[in-house]
Amino acid sequence: MLVKVQYQGVKKFVKYLSDSTFQDFLNEVKGKFGLARTAALQVFDDTDTNVEEDIFHELIEGSPHLCLTVRCPEENISAGLSEEPESAVENQTAMVSNSFNIDAEKAKRTVQDALEKKSGGEEVLEEYQTTKTLKHSTRRQLVNIVVSHMTEIHG
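Parameters and conventions
- Residues numbered from 1 in each chain as written.
- Predicted model: local features only at pLDDT ≥ 70, side-chain atom pairs only at ≥ 80, totals over all residues.
- Heavy atoms only, no water.
- Helix = DSSP H or I, 4+ residues; strand = E, 2+ residues; numbered from the N terminus.
- 1 Å grid on protein atoms, 1.4 Å probe; cavity = no way out; pocket = protein on both sides within 12 Å on 5 of 7 lines; lining within 4 Å.
- Points joined across faces, edges and corners; volume = space filled by probe spheres on them.
- Nonpolar A, V, L, I, M, F, W, Y, C, P; charged D, E, K, R; others polar.
- Salt bridge = Lys/Arg side-chain N within 4 Å of Asp/Glu carboxyl O.
- Buried < 20%, exposed > 50% of the residue type's maximum accessible area, 1.4 Å probe, protein only.
- Axes fitted to C-alpha atoms, helices over the stretch in contact; angles between N-to-C directions.
- Parallel < 35°, antiparallel > 145°, perpendicular 65-115°, else oblique.
- Left-handed = near helix turned anticlockwise from the far one by under 90°.
- Contact = heavy atoms within 4.5 Å.
- Core = buried A, V, L, I, M, F, W, Y, C linked by side-chain atoms within 4.5 Å.

Participant: Before we go on, may I ask you to explain unusual backbone geometry in this structure?
Facilitator: When glycine is set aside, most residues are seen to have a negative phi, and most peptide bonds are trans. Not every positive phi belongs to a glycine, and Gln8 is a case in point at roughly 50°. Checked against the element boundaries, Gln8 lands in the loop between strand S1 (2–7) and strand S2 (10–15).

Participant: I would appreciate a short explanation of the environment of Ser18 in the present structure.
Facilitator: You can see Ser18 is positioned in the loop between S2 and helix H1 (22–33). Sequence spacing of Ser18 and Glu61 is 43 residues, and the spatial spacing of their C-alpha atoms is 8.7 Å.

Participant: Explanation requested: the layout of surface pockets in the structure shown.
Facilitator: If you roll a probe as big as a water molecule over the atoms, it shows you where there is empty space left. In this structure, the largest pocket occupies an estimated 680 Å³ of space. Surrounding the largest pocket, 20 residues form its lining, Gly31, Lys32, Lys106, Ile153 and His154 being those nearest its centre. Counting residues per element, the ones that place at least two in the lining of the largest pocket are S2, H1, helix H3 (85–117) and helix H5 (136–154). Of the residues forming the lining of the largest pocket, the biggest block, 6 residues, is contributed by H3. Partitioned by chemical class, the residues of the lining of the largest pocket number 8 nonpolar, 5 polar and 7 charged. Its volume calculated, the second largest pocket comes out at about 290 Å³. Sorting the residues of the lining of the second largest pocket by element identifies H3 and helix H4 (121–131) as the ones contributing at least two each. At 5 residues, H3 tops the list of elements feeding residues into the lining of the second largest pocket. Across the lining of the second largest pocket, the residue classes break down as 8 nonpolar, 2 polar and 2 charged.

Participant: Looking at this structure, I do not really get the pattern of salt bridges. What am I missing?
Facilitator: Side chains bearing opposite charge may pair, as long as their charged atoms lie close to each other. According to the stated counting rule, one finds 3 salt bridges in the structure shown. The salt bridge involving Asp48 is made with Arg71; its shortest N-O contact spans 2.6 Å. Of this pair, Asp48 sits in the loop between strand S3 (42–44) and strand S4 (50–51) while Arg71 sits in strand S5 (residues 67–71), placing them 23 residues apart in sequence. Using a relative accessible area of 27% as the deciding quantity, one classes Arg71 as partly exposed. Glu152 is the partner of Lys118 in a salt bridge, and the nearest nitrogen-oxygen pair spans 2.3 Å. Of the two residues, Lys118 is situated in the loop between H3 and H4 and Glu152 in helix H5; the sequence distance between them amounts to 34 residues. The buried category is assigned to Lys118, whose relative accessible area is 18%.

Participant: Got a minute to help me understand the packing of H4 against H5 in this structure?
Facilitator: Helix-helix packing is characterised by the crossing angle of the two axes and by the distance between the axes. Close contact between H4 and H5 brings their axes to 10 Å; oriented N to C, the two are set at 135°. The angle between H4 and H5 places the two elements in the oblique class. For the pair H4 and H5, the crossing hand works out as left-handed. For the pair H4 and H5, contact is made by Gly121, Glu123, Val124 and Glu127 and by Thr138, Gln141, Leu142 and Ile145, respectively. Here the contact of H4 with H5 is composed, by residue class, of 3 nonpolar, 3 polar and 2 charged.

Participant: Just checking my understanding: could you explain the nonpolar core for this structure?
Facilitator: One broad rule of soluble globular proteins: the nonpolar side chains tend to lie buried together. Membership of the largest hydrophobic core comes to 21 residues, with the highest contact counts inside it found for Val5, Phe25, Val29, Leu41, Phe56 and Leu68. Among the secondary structure elements, those contributing two or more residues to this core are S1, H1, helix H2 (53–62) and S5. Residue contributions to this core peak at 5 residues, all from H1. Contacts of Leu41, omitting those with residues within four sequence positions, involve Leu26, Val29, Lys30, Leu35, Val70, Arg71, Cys72 and Pro73.

Here is the structure:
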């Protein structure tokens, strides 16, 4: 089953299998949004009610079109509640910027992982490390390796 999840204004679908645990779901969310595995997350329904582990499965089964909101308490997201709106905007801007950096780092690790595992990938890495650029033919090889890797993982 696919569950729609929102984190910091970004919505994504997360896979949830009927035999999965609440923690499995949280780990999938962390992976999907590029969050640290140690991040403490809280889940809320569309009425901003905290969704706890003991009712999670029943809620998902009963409301398959529900969009869950996930928050990380350490980030102290207080959009619209801050006494100083300018400060709140700055905090949100910093969080969004950090989110993009996390996604970029995750993408970089994924590509590097694919290149290290696939034949021909070492040549691409070696050329880039040596010249800090890629020839057209090597760039095509890079794309083919990454697409092949993505197809294996995501179908």
